[in-house]
Amino acid sequence: MPFPTLVVQGGTVILPDRLLEAGAIICREGRIAAIGPASDLKFPADARVIDASGGYISPGFVDQHVHGALGCDFMDGDADSVRTAIRGHTRHGTTSIFPTTTTGTPAQIAVMLDVCEEVQREWKPGDHARLAGVHLYGPYFASDKIGAHPRGYERNPDPTEYLAAFERGIVKVATCAAELPGAEAFYREAVHAGCLATCGHSNASWTEMLRAYHAGMRHVDHFWCAMSNVRSVRDRFREPMQGSMAEFVIMYPEMSTEVIADGCHLAPELLEFAYRMKGARRLCLVTDANRALDMPPGEYLIGPRDTGERLISDGKVGRMPDGTGLASSIVGMDHMVRTMVSQTSAGVLDSVRMASLTPAERTGVDREVGSLEIGKLADVLVLSADLHVQRVFTSGVECERS
Ligand SMILES: [Zn+2]
């Protein structure tokens, strides 16, 4: 039998709508078969029983915006690098991952999609996080909001390139700066292909956001980072001052966004503000981590090994070498959850939701993953009482955490 029957008990089960103390879950054939108070459930005699030791039994985390780990970037161009980076995030509780492109040449992006298809095809439960899809993030960025990405590789959306990418079926999240020529056609095709259409690395005005919204755009990448504000839109259009991406996301209930809650990018009041304004159903936690995750401080590249942009890891966060800004995070999703719990009013239930069910819903994979519910795939974490990852299961099979 490929999937051993699994019981996880002795902890607080994090359900979609509540915390269940002294709970247990039973997993059969890779799926969740029963959930309830441990005293009410009959454990199968052949089950492997895991004790959560008073910690939490949590859904696996879903990361829709992530570039790398353990020295590898998803743009490196080979399947082993992709697997290594995914393993780096699996240790931190991510069980569904969306490898994310940086800016790059058309060939580099096509190769990234090739190798992600290969890794997805060859994946088995227990290997590492499942590759749930690709986030086509670079290259359709605005030049004035390119941030830490490789410069000179950003460009306007090219239908030949993106239609070929969407055709593959692996792209589930698709980013484009809303002010670029052709952005609306990009969003329409992205939605047609079943993607979450998102605006990022953009200096868009309210008017441009509204046009994008009508074309199907419903999400903005890493709120407050590499996005427009009233001041930056004023630099483009003068007076009267106009609304920006920030006001648009806050005012439209259907819009979702994400925060990099590593404790370095955003102060606690901004995390609290984003949580209170958007709520746990419209705010995702993402790592946006680069290849320096779980690596010593030093110099690294964001993006491809040969043409990536330099960044400095100080052991806490990535920084641009010229000191002008941050260059993505170097910590995993467990860290993001702990930051939300300790620095905001979100609590364990909503913080975990923002790292699991909400991104699963937004990316369209919530029928299979994202929460502990009967029938879903048994992607389960055992967390300590202080939210450190103890064990990781995909489809009920334990992932090695070395
Ligand atoms: Zn970014």
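These numbers come from a predicted model, not from an experiment.

J.: Is there a simple way to think about the overall build of the chain in this case?
T.: In terms of helices and strands, the chain carries 11 helices and 23 strands. By the compact-globule yardstick of 21 Å for 402 residues, the chain fits well, its C-alpha radius of gyration being 20 Å. The long-range share in the chain, meaning contacts at least 24 apart out of those at least 6 apart in sequence, stands at 71%.

J.: So what exactly am I meant to see when it comes to the domain arrangement of the chain here?
T.: How big an interface is tends to be reported as the loss of accessible area on association of its parts. What the domain assignment lists for the chain is domain 1 (6–57 + 382–399) and domain 2 (61–367). The C-alpha centroid of domain 2 is placed 30 Å from the C-alpha centroid of domain 1. Counting residues at the interface gives 15 residues for domain 1 and 18 residues for domain 2. For the side of domain 1 that touches domain 2, the secondary-structure elements that each account for two or more residues are strand S22 (389–394) and strand S23 (397–398). Element by element, the count of residues in the side of domain 1 that touches domain 2 is highest for S22, at three residues. Among the residues forming the side of domain 1 that touches domain 2, the class breakdown is eight nonpolar, five polar and two charged.

J.: What should I look at first to understand the sheet that holds strand S11 (residues 134–136) in this one?
T.: The strand order S11-S12-S13-S14-S15-S16 describes an open sheet built from six strands, whose pairing is parallel. At either margin of the open sheet sits one strand with a lone partner, and together these are S11 and strand S16 (283–285). When strand S15 (residues 256–259) meets S16, the two strands line up parallel, connected through three bridges. Looking at the pairing, Thr-257 lines up with Leu-283 of S16.

J.: Sorry if this is basic, but what is going on with the sheet that holds strand S6 (residues 61–66) here?
T.: The parallel open sheet is built from three strands, whose spatial order is S6-S9-S10. Two strands lie at the open edges of the sheet, namely S6 and strand S10 (130–131), each paired on one side alone. Inspection of the sheet shows strand S9 (residues 94–99) paired to S10 by two bridges, in the parallel sense. Residue Ser-96 lies in a different strand from S10, and its bridge partner there is Arg-130. In the packing of helix H1 (residues 79–90) onto the sheet, contacts are made with S6, S9 and S10, and the angle to S9 comes to roughly 140 degrees.

Conventions adopted
Residues numbered from 1 in each chain as written. Predicted model: local features only at pLDDT ≥ 70, side-chain atom pairs only at ≥ 80, totals over all residues. Helix = DSSP H or I, 4+ residues; strand = E, 2+ residues; numbered from the N terminus. Rg over C-alpha atoms; globule rule 2.2 N^0.38 Å. Contact = placed C-beta atoms within 7 Å. Domains from an automatic or database assignment. Nonpolar A, V, L, I, M, F, W, Y, C, P; charged D, E, K, R; others polar. Pairing = 2+ DSSP bridges. Axes fitted to C-alpha atoms, helices over the stretch in contact; angles between N-to-C directions.

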